[in-house]
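Residues per chain are reported as follows:
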Amino acid sequence: MRGSYANLLFPVKLTFELSYRIPPPLEGKVIRGSHVLAPFGNKVVTGLVTKVFDTPPDFQGLIKDITDIAGTGRVSEKEIAFIEWMAQYYMCTPGEVLKAAVGNSIDVTPPKRSNRKKETSKLVNETKNCIKTGRLTREQTYVLDCCRKNIKANIPTLIKGVTGSGKTEIYMELAKEQLSQGKSVLYMVPEIALSKQLTDRLTEHFGRHLLVFHSKMTPAARKKVRESIRNHQEPSIILGLRSSLFLPFDELGLIVVDEEHDNSYKQSDPAPRYNGRDAALMLARIHGAGIVLGSATPSLESIYNCHSGRFSLVELNHKYHSAGTTTTEVIDTIREGQKGSMEGLFSRRTLDAIGQRLQKNEQVLVFRNRRSYSPLVQCMYCGDIPYCNNCNVSLNYHKKRSILKCHYCEYAIRYNTICTKCGRPGLKERGCGTEMIEEQLRMFFPGSKVARFDAETTSSKVNEEKLLSDFAAGNTDILVGTQMISKGFDFGRLTLIVLVQADSMFSSDDFRASEKAMQLLVQLAGRSGRRDTRGHIIVQTARPDNQVYIDFLEGEDGMARELQERKEFGYPPFVRLVRISVKHPSKERVEGFCDIIARKLPEWGVIDFTGPVPPPVERVKREYILNFWVKLKRNTDSPTIKSTIFAGIESLVREAGRGVSVGFDPDPL
Ligand SMILES: [Zn+2]
Ligand SMILES: [Zn+2]
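Our subject in this report is the structure included herewith. As the structure is a computational prediction, the values presented were derived from the model and not from experiment.

At 2.3 to 2.4 Å from the zinc ion (ligand 1) lie its protein donor atoms, namely Cys388 (SG), Cys391 (SG), Cys406 (SG) and Cys409 (SG). Coordination geometry of the zinc ion (ligand 1): the four donor atoms subtend angles of 103 to 113 degrees at the metal centre, consistent with an arrangement described as tetrahedral. All donors of the zinc ion (ligand 1) come from a single chain, and their spacing in sequence reads C-x2-C-x14-C-x2-C. A single burial state applies to Cys388 and to Cys391, both of which are buried.

Have a look at this one:
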């Protein structure tokens, strides 16, 4: 459309659209989706045209001119639709979504090649020849057929299959079919770092058609992938994390979301706080592409969608690799302690089990979802616990580095035993982290090689890969790890997994705690006893009567009961939840601003909400936090109410809340 004015989008948070004049020489060339150069602040930057129109905008002052057209590449209607949907659904501005998509600056792509058609068809033939396929079991073939039918009928498929049941082969087969039709495939995984095994496997099958995309790549490498997709010189399979949803897809035929239940699909900060799985469903709808989700432990959201007929559920019940089943044992640490059977953090039965496995030259994984040496230190004379200066949380003790450190900010102090409150040498560690577990294991098994895999030891990519390859090669006997280790590994000689102080999985006031704990247990079970070995899991707990352990012992997942409880108490997936977080260094300012929000919410159409309530850690990085939990019905009103809340609060911040920051988190995890 021709026009004299255009609205531009920049990768920054702006709650209103910026209008510019199109100078006569550029008229007709500036269209929706064009990249243009325009003055912004005191610079000339690249912006994205979202609207072209003729009526002069209602604007006081001088309207600036677009400087020039930047490149000839264009952003497609589908990409713009996705950005606009995400801003609306996740309660942020389109500029914030654009920033998530492209970073701080938009790179402008060269024009499409004119000889594309010819090239594609040539490459499609090549694709057909170079992609190898293995043989599928009867069960896999059945699931594959279901997926094909659902893709044709535009119904999302959920494949529920235990680890090792061969979901990957099905994804690859579906991907191959798309590529041979000249269409691209997006293959999403939660943690690219942990899927080197998968990358190798896909490379073997798809060769140069495989593109890997994640945020740890260099900007130049990311740009290369983006351009290759925008030009669509050849159909490709893109293996990526949630950020790959923003790639400039053209002919997208299929999206695979593996481990769809995984929490790392959710972006926690900054906005848009999107869930990669849910956004993938929308992206597939925009492109008319098929979508297949897979998990051994599907999220309650996806189970609910199957019950309500939105998704089609197919199950893979047999292990693809011939593997023995995993056995489970729950050890009551309180009772063991009373019997005098605890040695440090371990029960004697656990230590015996570890010893036996090591003797057979098998490997052991010890899991604890708490890094550092101990979560806190406490003075044994006066009971004082050292806290962070900036956050309302106790400092963690890191023994090797001899520091007390906050895990919410960068605050750290040298550790010594002198209590700052009473002056006596009374500071002692309480509770245990991965570092303490590692130390005790070295003491109990002096001849064995013990390594630790957590956020501290894997801060560099090189270390991380070395730890994993050492364990995979059998150079490490015992690996101590946090949550990070439960994802996407396949270690042939791992036969025993021990959870130390497992109850910390339930320590938060999280309504999803049981669901997450069960997912973790099943994921860990899938890591042990693969191929021809039989796995065993030991759960050390002070609360053996917890229903999750009982279910797990019986081989049940307990999700039907969990779903029923969510329904009774009105929690997701039966309602849509939005968390609104208000932050400011002054407690009074936060409280005052929250009072206004609490009065406004009913006016904006919110019937059910709680708040303001402080989160478990109510002060982080010198800011006080209060939260609202807004419950919305799963109906057509909720998008409107969300937009009203967002616009309402944004304007309140401009009017009355100088310095107050408000974060919106729809569908929080
Ligand atoms: Zn802190
Ligand atoms: Zn003291």
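Moving on to the side chain of Gln540. Within the secondary structure layout, Gln540 lies in strand 25 (residues 536–541). Taking relative accessible area as the criterion, Gln540 reaches 1% and is therefore assigned buried. Here the side chain of Gln540 touches Leu345 through a polar contact of 2.8 Å, landing on its backbone oxygen. A polar contact is formed between the side chain of Gln540 and the side chain of Thr350, at a distance of 2.7 Å. Look past the residues within four positions of Gln540 in its chain and what remains in contact with it is Ile331, Thr333, Met342, Leu345, Phe346, Ser347, Thr350, Leu499, Val500, Gln501 and Ala502.

Attention shifts here to the coordination of the zinc ion (ligand 2). Donor atoms from the polypeptide that bind the zinc ion (ligand 2) are Cys379 (SG), Cys382 (SG), Cys419 (SG) and Cys422 (SG), placed at 2.3 to 2.4 Å. Here the zinc ion (ligand 2) is ringed by four donor atoms whose angles at the metal span 104 to 115 degrees, and the overall shape comes out tetrahedral. Look at where the donors of the zinc ion (ligand 2) fall in the sequence and you get C-x2-C-x36-C-x2-C. On the accessibility criterion, Cys379 (3% relative accessible area) is buried.

Read from one edge to the other, the open sheet built from three strands follows the order 18-19-20, with strand pairing classed as antiparallel. This sheet does not close on itself; its edge strands, each paired only once, are strand 18 (396–398) and strand 20 (412–414). Across this sheet, the average inter-strand angle for adjacent strands is 25 degrees, counted without regard to direction. In terms of strand pairing, strand 19 (residues 403–405) meets strand 20 through three bridges, oriented antiparallel.

Positionally, Gly433 belongs in the loop between strand 21 (427–430) and helix 12 (434–444). Overall, Gly433 belongs to the buried group, its relative accessible area being 0%.

Before going further, it helps to examine the sheet that holds strand 13 (residues 327–332). The six strands lie next to each other as 13-25-24-16-23-22, forming an open sheet whose pairing is parallel. The two strands at the open ends of the sheet, each matched to only one other strand, are strand 13 and strand 22 (450–453). Taking each pair of neighbouring strands and ignoring which way they run, the sheet shows an average axis angle of 20 degrees. Taken together, the four bridges between strand 24 (residues 494–499) and strand 25 define a ladder with parallel strand orientation. Each bridged residue has a counterpart across the sheet, and for Ile497 the counterpart in strand 25 is Ile537. Relative to the sheet, helix 13 (residues 461–472) contacts strand 16 (363–367), strand 22, strand 23 (478–481) and strand 24, its axis offset from that of strand 22 by approximately 135 degrees.

A volume near 940 Å³ is recorded for the second largest pocket. Around the second largest pocket, the lining comprises 44 residues; the ones closest to its centre are Tyr89, Asp278, Leu281, Arg310 and Arg576. Mapped onto the lining of the second largest pocket, the elements with two or more residues apiece are helix 1 (77–89), helix 8 (276–287), strand 11 (290–295), helix 9 (300–307), helix 14 (513–527), strand 26 (575–584) and helix 18 (637–656). The element best represented in the lining of the second largest pocket is helix 8, accounting for six residues. Residue composition of the lining of the second largest pocket, by class: 17 nonpolar, 13 polar and 14 charged.

Below, the discussion takes up the nonpolar core. Generally speaking, a soluble globular protein has its nonpolar side chains buried in company with each other. Met86, Leu245 and Ile255 are the most contacted members of the largest nonpolar core, which has 46 residues in total. Going through the elements one at a time, helix 1, helix 2 (94–102), strand 7 (184–188), strand 8 (210–213), helix 7 (219–231), strand 10 (252–258), helix 8 and strand 11 are the ones with two or more residues in this core. Per-element tally for this core: the top contributor is helix 1, with seven residues. In this structure Ile255 touches Leu186, Met188, Ala280, Leu283, Ala284, Gly290, Ile291 and Val292, once residues within four positions along its chain are discounted. Membership of the second largest hydrophobic core comes to 32 residues, among which are Leu365, Ile485, Leu494 and Leu563.

Its 15 residues place the ends of helix 14 21 Å apart at the C-alpha level, agreeing with the 21 Å of an ideal helix rising 1.5 Å per residue. The buried count for helix 14 comes to twelve of 15 residues, which makes it a mostly enclosed element. Those residues of helix 14 that fall on the buried side of the exposure criterion are Ala513, Glu515, Ala517, Met518, Gln519, Leu520, Leu521, Gln523, Leu524, Ala525, Gly526 and Arg527. In this structure, the buried residues of helix 14 make contact with helix 9, strand 16, strand 24, strand 25, helix 15 (547–553) and helix 16 (559–569).

Another aspect to go through is the side chain of Lys167. Its place among the elements puts Lys167 in helix 5 (residues 167–180). There is a polar contact of 2.7 Å between the side chain of Lys167 and the backbone oxygen of Gly161. Residue contacts for Lys167: discarding those within four places in its chain leaves Ile159, Gly161, Val162, Asp258, Gly294, Ser295, Ala296 and Leu316.

How each quantity is defined
- Residues numbered from 1 in each chain as written.
- Chains lettered and ligands numbered in written order.
- Predicted model: local features only at pLDDT ≥ 70, side-chain atom pairs only at ≥ 80, totals over all residues.
- Heavy atoms only, no water.
- Donors = N, O, S within 2.8 Å, 3.2 Å for Na, K, Ca; no water.
- Tetrahedral: all angles 85-135°; square planar, octahedral: opposite > 155°, others 65-115°.
- Buried < 20%, exposed > 50% of the residue type's maximum accessible area, 1.4 Å probe, protein only.
- Helix = DSSP H or I, 4+ residues; strand = E, 2+ residues; numbered from the N terminus.
- Polar contact = N/O pair within 3.5 Å; in protein donor to acceptor, adjacent residues only side chain to side chain.
- Contact = heavy atoms within 4.5 Å.
- Pairing = 2+ DSSP bridges.
- Axes fitted to C-alpha atoms, helices over the stretch in contact; angles between N-to-C directions.
- 1 Å grid on protein atoms, 1.4 Å probe; cavity = no way out; pocket = protein on both sides within 12 Å on 5 of 7 lines; lining within 4 Å.
- Points joined across faces, edges and corners; volume = space filled by probe spheres on them.
- Nonpolar A, V, L, I, M, F, W, Y, C, P; charged D, E, K, R; others polar.
- Core = buried A, V, L, I, M, F, W, Y, C linked by side-chain atoms within 4.5 Å.
- Expected span 1.5 Å × (residues − 1).

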